[in-house]
Amino acid sequence: MWDLFNAWLIAPFDYGFMRRAVVGGLALSLAAPPLGVFLVLRGMSLIGDAMAHAILPGVALGFLLAGFSLPVMSVGGVLFGLMVALLAGAVSKMGGQREDAAMASFFIISLAAGVMLISLGGSSVDLTHVLFGSVLAINSTALLLITGISTLIVITLAVIFRALVVECLDPLFLRGQSRHSGWVHSVFLGLLVLNLTAGFQTLGTLMAVGLMMLPATSARFWSKRLEGLIGIAVVLAMIASTGGLLLSFHLDIPSGPSIILLAGAGYFFSALFGRYHSLAAKLRRKTTPLAVEQGY
Amino acid sequence: MKATPPARLQLHDLHLAQGQRSVLEHVDGSFQPGAITALIGANGAGKSTLIQALMGELRPINGEVVCTVPKKRRAWLPQQLALDLTFPMSVEELVMTGSWPSHGAMKGYCAAHYRKGREIMARLGISNLAHRPLGELSGGQRQRALIGRTLMQEAELLLLDEPFANVDSETVDILIRILRQMADDGVTIIVVLHDMDHLQRLADDVLMLSGGHGRWMAPSALTHSPATAQVVPFTLGEHHVGSV
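Please read these numbers as outputs of a predicted model, since none were measured by experiment. (Residues numbered from 1 in each chain as written. Chains lettered and ligands numbered in written order. Predicted model: local features only at pLDDT ≥ 70, side-chain atom pairs only at ≥ 80, totals over all residues.)

**Focus on the interface of chain A and chain B**
Item 1. Chain A puts 18 residues into the contact, and the matching count from chain B is 20 residues.
Item 2. Broken down by secondary-structure element, the contributors of at least two residues to the side of chain A that touches chain B are helix H8 (140-169), helix H9 (171-177) and helix H12 (226-251) of chain A.
Item 3. Top contributing element to the side of chain A that touches chain B by residue count: H8 of chain A, with seven residues. (Contact = placed C-beta atoms within 7 Å. Helix = DSSP H or I, 4+ residues; strand = E, 2+ residues; numbered from the N terminus.)

**Some remarks on the pairing of strand S8 (residues 205-210) of chain B**
All names here are of chain B.
Item 1. Note: strand S3 (residues 36-40) against S8, four bridges, orientation parallel. Residue pairing for S8: Ala38 is matched across the bridge by Val206.
Item 2. Both S8 and strand S9 (residues 213-217) contribute to a ladder of five bridges, which runs antiparallel. By the bridge assignment, Val206 is partnered in S9 with Met217.
Item 3. As consecutive antiparallel partners, S8 and S9 are separated by two residues, and within that stretch Gly211 has a phi angle of approximately 55°, a positive value. (Pairing = 2+ DSSP bridges.)

**Details of the sheet that holds strand S7 (residues 188-192) of chain B**
The strands making up a sheet are joined through hydrogen bonds of the backbone, oriented either antiparallel or parallel.
Residue and element names in this part refer to chain B.
Item 1. Read from one edge to the other, the open sheet built from six strands follows the order S5-S6-S7-S3-S8-S9, with strand pairing classed as mixed. Lying at the two open borders of the sheet, with one neighbouring strand each, are strand S5 (74-77) and S9. The mean angle between the axes of side-by-side strands here comes to 15°, regardless of whether they run parallel or antiparallel.
Item 2. Bridge analysis of S5 against strand S6 (residues 157-161) gives four bridges, and the strand direction is parallel. Its bridge partner lying in S6, Leu77 is registered against Leu160.
Item 3. Sheet strands in contact with helix H6 (residues 169-184) are S3, S6 and S7, and its direction is about 145° off that of S7. (Axes fitted to C-alpha atoms, helices over the stretch in contact; angles between N-to-C directions.)

**Concerning the confidence of the model for chain A**
Residue and element names in this part refer to chain A.
Item 1. Mean pLDDT over chain A: 84, with 92% of residues reaching 70 or higher.
Item 2. Least confident of the elements in chain A is helix H7 (residues 124-132), whose mean pLDDT is 73; most confident is H12, at 93.
Item 3. For residues 292-296, every residue scores under 50 in pLDDT, and the model assigns this stretch three contacts once sequence neighbours within four places are set aside. (pLDDT = per-residue confidence, 0-100.)

**Concerning the nonpolar core**
Item 1. In this structure, Met51, Val193, Leu211, Ala233 and Ala263 of chain A together with Val191 of chain B are the most contacted members of the largest nonpolar core, which totals 158 residues.
Item 2. Among all residues touching Ala263 of chain A, those that are not within four sequence positions of it are Gly210, Leu211, Leu214, Pro215, Leu236, Ala237 and Ala240 of chain A. (Core = buried A, V, L, I, M, F, W, Y, C linked by C-beta atoms within 7 Å. Buried ≥ 20, exposed ≤ 12 C-beta atoms within 10 Å, placed from the backbone.)

**Here's the deal with the confidence of the model for chain B**
Detailed reading of the predicted coordinates is not advisable wherever pLDDT is low.
Residues and elements named next belong to chain B.
Item 1. Mean pLDDT over chain B stands at 80; residues scoring 70 or higher make up 84%.
Item 2. Summarising per-element confidence for chain B, the mean pLDDT is lowest in helix H9 (residues 228-235) (47) and highest in S7 (91).
Item 3. In the model, residues 226-231 has pLDDT below 50 throughout and makes three contacts with residues more than four positions away in sequence or in other chains.
Item 4. Within the model, pLDDT remains below 50 along residues 233-244, and this stretch shows 18 contacts once partners closer than five positions in the same chain are excluded.
Item 5. Listed scores for the predicted complex are pTM 0.81 and ipTM 0.74.

**Some details on the environment of Trp8 of chain A**
Residue and element names in this part refer to chain A.
Item 1. The topology assignment puts Trp8 in helix H1 (residues 2-10).
Item 2. What makes Trp8 partly exposed here is the crowd of 13 C-beta atoms within 10 Å.
Item 3. Taking the C-alpha atoms as reference points, Trp8 and His250, 242 residues apart in sequence, are found 7.7 Å from one another.
Item 4. Non-local contacts of Trp8, meaning those with residues more than four positions away in its chain, are made with Leu246 and His250.

**Brief notes about the sheet that holds strand S2 (residues 21-31) of chain B**
Residue and element names in this part refer to chain B.
Item 1. The sheet built from three strands is open, its strands ordered S2-S1-S4 with antiparallel pairing. At either end of the open sheet lies a strand with only one pairing partner, and these are S2 and strand S4 (62-67). Strand-to-strand twist of the sheet, defined as the mean angle between neighbouring strand axes without regard to direction, takes the value 25°.
Item 2. Where strand S1 (residues 9-18) and S4 come together, five bridges link them in antiparallel fashion. Directly across from Gln10, in S4, lies its bridge partner Val66.
Item 3. Sheet contacts for helix H1 (residues 47-54): S1, S2 and S4; angle to S1, the most-contacted strand, approximately 125°.

**Section: the UniProt feature "transmembrane region" (unreviewed entry) in chain A**
All names here are of chain A.
Item 1. Mapped onto this structure's residue numbering, the UniProt feature "transmembrane region" (unreviewed entry) falls at residues 20-41, 72-91, 103-122, 142-161, 182-200, 229-251 and 257-276.
Item 2. Within residues 20-41, the helical portion is 100% and the strand portion 0%, while the C-alpha atoms at the span's ends are 32 Å from each other.
Item 3. Each end of residues 182-200 is marked by a C-alpha atom, and these two atoms are 28 Å apart; helix forms 100% of the span and strand 0%. (UniProt positions renumbered as here; feature names shortened; annotations may be inferred.)

**Topic: the packing of helix H4 (residues 111-124) of chain B against helix H5 (residues 139-152) of chain B**
Residues and elements named next belong to chain B.
Item 1. At a minimum axis separation of 10 Å, H4 and H5 run at an interaxial angle of 135°. By the angle class used here, H4 and H5 are oblique. Both H4 and H5 take part in a crossing whose hand is right-handed. On H5, the residues touching Lys116, Gly117, Ile120, Met121 and Leu124 of H4 are Arg144, Ile147, Gly148, Leu151 and Met152.
Item 2. The residue makeup of the contact of H4 with H5, split by class, is six nonpolar, two polar and two charged. (Parallel < 35°, antiparallel > 145°, perpendicular 65-115°, else oblique. Left-handed = near helix turned anticlockwise from the far one by under 90°. Nonpolar A, V, L, I, M, F, W, Y, C, P; charged D, E, K, R; others polar.)

**Section: helix H13 (residues 255-273) of chain A**
Since one α-helical turn is 3.6 residues long, residues separated by three or four positions face the same way.
All names here are of chain A.
Item 1. Between its first and last C-alpha atoms H13 spans 27 Å; for 19 residues at 1.5 Å apiece the expected length is 27 Å, and the two agree.
Item 2. Residues of H13 that are buried include every one of Ser255, Gly256, Pro257, Ser258, Ile259, Ile260, Leu262, Ala263, Gly266, Tyr267 and Ser270, and no others.
Item 3. Contacts made by the buried residues of H13 are with helix H2 (16-41), H7, helix H10 (181-203), helix H11 (208-219) and H12. (Expected span 1.5 Å × (residues − 1).)

Set out below in structure tokens:
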């Protein structure tokens, strides 16, 4: 029994790359889910997806210039992601088009440009690495980058937390209260880009968004409070990233998809058995009479 | 009560437009501290446009809005539909966000703030709902929580857009009492109303918007003047009378 436990859960971490990958995954699991929770609450769930595509050309350019160097690719990704976010914001202000429409246009252009750039300069193996991640890619520099970015995200989020909450609920109130209200949204989008850039190394650009969104959407089935949502999402993300890495190690499958599929399994489980709004909760409601609440 | 203090909000020959379309022209007036002004007019008469201008969200084409109340002490309570009330936040947390002007975005709340928040909730009769999520409240309870936020904010200028819509009569009574108290404390209150009964109970002045112009009148004028027969249905928007 102990041998099995050891072989499955402990032994893989004898390898340095697995240790680095799991630390990176845990760091990301602290930073990504809170962003996802805010995206879900603001009805912007798909923006994360769009941004994930938007960083691709930058990553690809970095790849063309410096080979498979994570810092260079990350800087490229951040710059490109921020540029797309700014452009989308500008277009939506200019033409009265909603931000999501502008974002949708930009991200598909970015995706095409990114894939084009990578295939110009590399092989399909490189493309797979960038799109779907590779635990083997995480060296000490990359780990420092991931943990550094995650720390920055958590601290910044703590600083703008109240403003972000107020903006979700009542943007007009925030605008009345603070001259910097416009910044809150921009800083938030910036954090999103940073997080996706940190995530693409283990998860790949397309999968990085999963660690942000799936724990957040799953948490909706378990809590009705903001702190609860964030806490549960973080725990789910940590389980998914660690478990996914182990699965990827043992079954020899790509790390990104296996982490995200595990998070996806968590989502289905939550949707079926969660405390609120899940299938089980609906069935429970049918069998027990509703408590009659006196009030207006 | 409203003897001499200078008006903190004045309109001078205000001309407002939405895009290319003029909405209001030549609107003058002053809103006194401690006075409750009802803003009435049919749908599309320009109530929302005027409120946008008062809040500094819309730049006038001509004329000016002179407001000596600092932006942080201006409170604007939109119609409930404009807010995302499914956000996972409790009544107490909503009320506490009103402490922003004195407290900023970073600092944590201290005991004195929580005490003040609890006093406010007691005043509004929502103490028992302090930890209830906003999404589970009724229209009347929400409205009280939102008023609680403006009390916390120590607003000096308060604009409300149909605060009594979708609200039970007990809440209406409480809100009218609270708004009266706020006015007695010197707050300038402007409230968009449709219900003439509420208007009679609450308003000191009436600014009626119609045909692109503003007309000041006393609340009594709406019930006692011979013109009432036309004015009331007109302001309620029940009949279509002319347009800009």
